[in-house]
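Structure at a glance
This is what each chain is made of:
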Amino acid sequence: MSDIEQAPPGVDITVPSVARMYDYFLGGTDNFEVDRIAGEKIRANMPEAMDTAWANRGFLQRSVRWLAEQGIRQFIDIGAGLPTMNNTHDAAQAVIPDARILYVDNDPLVRVHANKLLEGATGTAFITADFRDPDGLFGQQTAQEAIDFTEPVGLLVVALTHFVPDEDDPWGLIQRYMSRLAPGSYLALSAATDDRQSARALGTIKEEYSKSTAAVHMRTRAEVTRLFTGLELVPPYDGAGREISYTGEWGAEDPVAADSDGSRWAYCGVARKTA
Ligand SMILES: C[S@@+](CC[C@H](N)C(=O)[O-])C[C@H]1O[C@@H](n2cnc3c(N)ncnc32)[C@H](O)[C@@H]1O
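Below is a summary of the structure that appears in this document.

Parameters at a glance
- Residues numbered from 1 in each chain as written.
- Predicted model: local features only at pLDDT ≥ 70, side-chain atom pairs only at ≥ 80, totals over all residues.
- Heavy atoms only, no water.
- Buried < 20%, exposed > 50% of the residue type's maximum accessible area, 1.4 Å probe, protein only.
- Helix = DSSP H or I, 4+ residues; strand = E, 2+ residues; numbered from the N terminus.
- Pairing = 2+ DSSP bridges.
- Phe/Tyr/Trp six-rings, centres within 6.5 Å; stacked < 30°, edge-to-face > 60°.
- Lys NZ or Arg CZ within 6 Å of the ring centre and 35° of its normal.
- Contact = heavy atoms within 4.5 Å.

1. Notes on the pairing of strand β1 (residues 74–78)
Burial analysis of β1 places five of its five residues in the buried class, which makes it a mostly covered element. Neither face of β1 is left uncovered, since the one carrying Q74, I76 and I78 and the one carrying F75 and D77 both have all their residues buried. Here β1 runs beside strand β2 (residues 100–105); their pairing, made up of five bridges, is parallel. In the sheet register, Q74 faces β2, and the bridge partner there is R100. Pairing between β1 and strand β4 (residues 154–158): four bridges, direction parallel. Among the inter-strand pairings, I78 is bridged to a residue of β4, identified as V157.

2. Regarding the packing of aromatic side chains
If you walk through the whole model with that rule in mind, you get nine aromatic pairs. Aromatic side chains W66 and Y186 sit 5.6 Å apart centroid to centroid with 90° between the ring planes, which places their arrangement in the edge-to-face category. Taken together, the residues W66 in helix α3 (residues 49–69) and Y186 in strand β5 (residues 186–192) connect sequence positions 120 residues apart. Clustering of aromatic rings is evident, with ring pairs tying together F59, W66, Y186 and W250. Positioned above the aromatic ring of W171 is the side chain of R226, whose terminal nitrogen or guanidinium carbon lies 4.3 Å from the ring centre.

3. So, the environment of N56
Residue position: N56 is located in helix α3. Distance in space between the C-alpha atoms of N56 and D98 is 25 Å, their sequence separation being 42 residues. The contacts of N56, once residues within four sequence positions are left out, are Y22, V158, A159, S190 and T247.

Set out below in C-alpha cells:
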C-alpha cells in the first residue's frame, strides 16, 4: 500500500488486521502503518516472526501439493489471507491443472485483493464468510457451485483456529466442516502454540493481537492434536508416526534442518477422513 495509505471502501486502517499483519511478516505490501507498527512491536520480542510466517506458508504449499498428488482435485481454503505468490491454486494446479479452489476469508481487504489476484485464474472462486459459521459458508451459492460435495475435498484451515476462542469451540467447528465432506477428504491445519515459548514474547503477541481484528489463542500440542479427532493423521515426514509436527518439519526432506525457532511457534498436521 502507498504511504498516503488510501484504504479501499470498507477497510479500516485504524485497527491492525490479522490478515495484513501476516502479510507484513511475509514481506508483502498489502498492509498499512497500523499493521506494521503492531508487527514491529511483536518482532522486538519475537525476532523470528518472519520465519514463523514463512514456515507456516511453506507447510500450506507443501501440504496442498501433497494432497493434489494423492488425487485431491478440489480445495476449500478458509482464512486464505493476502499472499500474492504460490497460492493454493498455484500449488494444486501445478499437479492437477484443472484443480478447483474455493478461497474464503472474513477480512474486507482480502476480498479486494482476491478480486484482483484471481481475475483470470481458472478454477478459483472467493467468498467472504466467517469460519465460525459453517452453515453460512456452505449456504453461499458460489460455494455450492465451486465444490462437488460428493467428491473428496482438501479442507485447509491454516493459521486460523488461533483466532477462534475456546468459547466458539474450534474443535466442534472442524467436526462440523468435516462431517459435510465426502470420505477420502483431508484436513490440513496449522495453529499457533505457546508450548515452550518465553513469557515476554507471548505477552507482547497477546497484547498486540488483542488490539487487532482478532485476539490470539495459543494452544498446546494436545489441544491442536484434538482438532484432528476422528481423522487419520498422515506421518508428517519419512520415519515419523501419525502425529502433528512443527510447521517447518511437515513434508521437509530434512526435518532436523527445518526445525527452526520460527517453525516452533505452530503445530500442523494433515489428516484423512476415512469414512
Ligand atoms: C495468519 S492468516 C493465514 C493465511 C493463510 N491461511 C496462510 O496460512 O498462509 C489468517 C487469516 O485468517 C483470516 N481469519 C481470521 N479469523 C477468521 C474467521 N473467523 N473467518 C474467516 N477468516 C478468518 C484472517 O483474515 C487471515 O486472512
